[in-house]
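Examining the three-dimensional arrangement
What follows is the residue order along each chain.
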Amino acid sequence: MTSKTIYIGVVLVVALAAVGVYWYMGTQNQPPASNQKLVVVAKDVKFNVTNPTFNLKVGTVSITVKNMDTMPHNFIIREMPSAATGLLTPGQSQTITVNFTTAGDFNYYCSVHPGQMEGVIRVTTP
Ligand SMILES: [Cu+2]
């Protein structure tokens, strides 16, 4: 093996590593999603009929919670206790802004009806 062959090999390895790092940085620097909106309706002791899984992207989301029920409810994200509405009386609604900085599953619930009104918010990278 000549020194020229070794030199070309080293250059190729360095170039491939640079491309790899560039690609990786690109995947890490996706801008967070904005203008995400979620409407949650509390009715018949359920959120949105079935306590569905809400799919969101990393970033900020505006969550409007409407109480269309005959009893008070609230909406709290377990892993982010500050992301919560107050206790909403029948007919009341409140919008909260939540910033999801990491992907993952977050659990939402109503503290008045644990076990009956709870579900998952699935946050993925944009
Ligand atoms: Cu409730």
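Here goes a summary of the coordinates provided. Quick caveat: nothing in here was measured; it's all calculated off a predicted structure.

**Things to note about the overall build of the chain**
In terms of helices and strands, the chain carries one helix and nine strands. Reading the helices (α) and strands (β) of the chain from amino to carboxyl end gives α-β-β-β-β-β-β-β-β-β. Residues classed as buried in the chain amount to 32% of the 126 residues present. With the model as given, the accessible surface of the chain reaches about 7,800 Å², and the carbon-plus-sulfur share is 61%.

**Overview of the coordination of the copper ion**
Geometry sets the ideal angles at a metal, namely 109.5 degrees for four tetrahedral donors and 90 or 180 degrees for six octahedral donors. The coordination sphere of the copper ion, as far as protein atoms go, consists of His 73 (ND1), Cys 110 (SG), His 113 (ND1) and Met 117 (SD), spread over 2.0 to 2.6 Å. Each of the four donor atoms bound to the copper ion contributes to angles spanning 83 to 132°, and the resulting shape is irregular. Donor residues for the copper ion, ordered by position in the chain, follow H-x36-C-x2-H-x3-M. Taken as a pair, His 73 in the loop between β4 (59-67) and β5 (76-77) and Cys 110 in the loop between β8 (104-109) and β9 (118-124) lie far apart in primary sequence, 37 residues in all. Each member of the pair, His 73 as well as Cys 110, carries the same accessibility label: buried.

Calculation criteria
- Residues numbered from 1 in each chain as written.
- Predicted model: local features only at pLDDT ≥ 70, side-chain atom pairs only at ≥ 80, totals over all residues.
- Heavy atoms only, no water.
- Helix = DSSP H or I, 4+ residues; strand = E, 2+ residues; numbered from the N terminus.
- Buried < 20%, exposed > 50% of the residue type's maximum accessible area, 1.4 Å probe, protein only.
- Areas by Shrake-Rupley, 256 points an atom, 1.4 Å probe, with all protein chains shown as cover.
- Donors = N, O, S within 2.8 Å, 3.2 Å for Na, K, Ca; no water.
- Tetrahedral: all angles 85-135°; square planar, octahedral: opposite > 155°, others 65-115°.

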